[in-house]
Amino acid sequence: MTHSFWTNFILFLAGAVAAGIGLAGLIWPVAFHASSGIVLGDNPSLMSEVRAPAAALLVAGGFILASVRVARWRPAAIRVSAAVYLTYGLARVYSIAVDGAPDGMLLMAAAVELIIGGICGMMILRSRAAT
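Residues numbered from 1 in each chain as written. Predicted model: local features only at pLDDT ≥ 70, side-chain atom pairs only at ≥ 80, totals over all residues. Heavy atoms only, no water.

Regarding helix α4 (residues 74-99)
With 26 residues, α4 should reach 38 Å at 1.5 Å per residue; the first-to-last C-alpha distance of 36 Å fits that figure. Among the residues of α4, Arg74, Ala77, Ile78, Ser81, Ala82, Val84, Tyr85 and Gly89 are the ones counted as buried. Looking at the buried residues of α4, the elements they touch are α1 (5-27), α3 (44-67) and α5 (104-130). Looking one or two places after α4, you find glycine 100, whose phi comes out positive at around 100°. (Helix = DSSP H or I, 4+ residues; strand = E, 2+ residues; numbered from the N terminus. Expected span 1.5 Å × (residues − 1). Buried < 20%, exposed > 50% of the residue type's maximum accessible area, 1.4 Å probe, protein only. Contact = heavy atoms within 4.5 Å.)

What follows is the structure, encoded as structure tokens:
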């Protein structure tokens, strides 16, 4: 896999977004979700279910960000980025199909996730074609 400026740029962007969203969802879940029109309330079980994937996003984002500095981690970080972003984006598309359209912020999140995930997926395909 070649590691150009653009590879590092995409990894930085993917890592920063994932880590930022993960941190906000872990530390300030009520305010973070309220920005998308979601009311969490004070149910401890719901808060646990919201914080757990936020922590996973924070860790994935941290790994992706670290790969900008640690070259041997980049191929794995590109794959993690593709998996995380395409999973979230495609799950949102599925939810739109079965549940209807969510808040505009979540529609924008879906678009960003599909774009970042698609770019990372293309990077994987391009590296396979080169080998």
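A short note on α1
If you check α1, its first and last C-alpha atoms are 32 Å apart, about what 23 residues at 1.5 Å a residue would give, namely 33 Å. Within the sequence span of α1, burial applies to Thr7, Asn8, Ile10, Leu11, Ala14, Gly15, Ala18, Ala19, Gly22, Ala24 and Gly25. For α1, the elements touching its buried residues are α2 (29-34), α3, α4 and α5.

Considering the pattern of salt bridges
The tally for this structure, following the rule as stated, stands at one salt bridge. Between glutamate 113 and arginine 92 there is a salt bridge, and its shortest N-O distance comes to 2.7 Å. Residue glutamate 113 is located in helix α5, and its partner arginine 92 is located in helix α4; the two are separated by 21 residues in the primary sequence. Here glutamate 113 falls in the buried class, since its relative accessible area comes to 8%. (Salt bridge = Lys/Arg side-chain N within 4 Å of Asp/Glu carboxyl O.)

Examining the environment of alanine 71
By secondary structure assignment, the location of alanine 71 is in the loop between α3 and α4. Through-space distance from the C-alpha of alanine 71 to that of asparagine 8 is 9.6 Å; in sequence the pair is 63 residues apart.

Notes on the environment of glycine 62
Note that glycine 62 resides in helix α3. The spatial distance from the C-alpha of glycine 62 to the C-alpha of glycine 15 is 6.2 Å, given a sequence separation of 47 residues.

Describing the packing of aromatic side chains
Evaluation of the coordinates by the stated rule reveals four aromatic pairs. Measuring from ring centre to ring centre gives 5.0 Å for phenylalanine 5 and tryptophan 6, while their planes differ by 80°; the resulting arrangement is edge-to-face. Each member of the pair phenylalanine 5 and tryptophan 6 is classed as exposed. An angle of 20° between the planes, with centres 6.3 Å apart, marks the rings of phenylalanine 5 and phenylalanine 9 as stacked. You can see phenylalanine 5 and its partner phenylalanine 9 sitting in helix α1, four residues apart, about one turn around the helix. The class for phenylalanine 5 is exposed, based on a relative accessible area of 58%. (Phe/Tyr/Trp six-rings, centres within 6.5 Å; stacked < 30°, edge-to-face > 60°.)

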